[in-house]
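Each chain is listed here by its residues.
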Amino acid sequence: MAVRGLIIGATLICAMVVVCYGEVKLSELPVTLSVATTPPKADLLAGVGKITVTWALNKSNADTSKYSKVTLELCYTKASQIDRPWRKTEDELFKDKTCQHEIATKTYASSGNSVDYVVLKDVPTGHYFIRSYVVDAAGTKVAYGQTDGVDLFITAITGRHASIDIAAAAFSAFSVVSLAFFFYLEKKKSK
């Protein structure tokens, strides 16, 4: 009985924390940053491709007193989310799986911000856009901005090289020759 009471009590406390503090929703965050990339449309190769991301405050009347840092993230477009629930867009940010690849985290400044980003080797093939979140000192997302009309197509590394293909062909040929040789020896011994 004591264990059951403890579990129920812990569940109620967790529920109250969620209700009191709430979850951050993308639809409730103000769009106070404008974000752009150079080039705006590109075909990039993972590990090689490079883009420049710039961002600035787009609303002069925004309250920026809580702004501490800006986090830039690479996000899947709707085309890259089709039939892939692990990339699904959710309004509640703790459930959102749209932005899975961090580009950079910088200290907040209202203008003159840019970063050069070389696409990491573990980024999967897909169409992407850039989203930036403004974070306060406690680490809570308080505003955001994202690119519009940007289509960055990234091709992932396949992991196959010519040397692997040559080695596979050589070992396959060796196994066929070995099989034929031992088959010949067995036939010779049986006579």
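Conventions we followed
- Residues numbered from 1 in each chain as written.
- Predicted model: local features only at pLDDT ≥ 70, side-chain atom pairs only at ≥ 80, totals over all residues.
- Heavy atoms only, no water.
- Salt bridge = Lys/Arg side-chain N within 4 Å of Asp/Glu carboxyl O.
- Buried < 20%, exposed > 50% of the residue type's maximum accessible area, 1.4 Å probe, protein only.
- Helix = DSSP H or I, 4+ residues; strand = E, 2+ residues; numbered from the N terminus.
- Pairing = 2+ DSSP bridges.

The protein chain is annotated in an unreviewed UniProt entry as High-affinity nitrate transporter of Saponaria officinalis.

(A) Summary view of the pattern of salt bridges. Inspection of every chain in the model, using the stated rule, returns three salt bridges. Lysine 88 is the partner of glutamate 90 in a salt bridge, and the nearest nitrogen-oxygen pair spans 3.5 Å. With relative accessibility at 25%, the residue glutamate 90 sits in the partly exposed group. Between aspartate 96 and arginine 131 there is a salt bridge; the shortest N-O distance is 3.7 Å. Linking aspartate 96 in the loop between strand S4 (69-76) and strand S5 (99-107) with arginine 131 in strand S7 (residues 126-135), this pair joins segments that are 35 residues apart in sequence. The buried category is assigned to aspartate 96, whose relative accessible area is 14%.

(B) Region of interest: the pairing of strand S8 (residues 141-146). Inspection of the sheet shows S7 paired to S8 by five bridges, in the antiparallel sense. When the sheet's bridge partners are listed, arginine 131 is paired in S8 with glutamine 146. Counting the residues in the hairpin turn of S7 and S8 gives five residues, including glycine 139, whose phi is positive at 90°.

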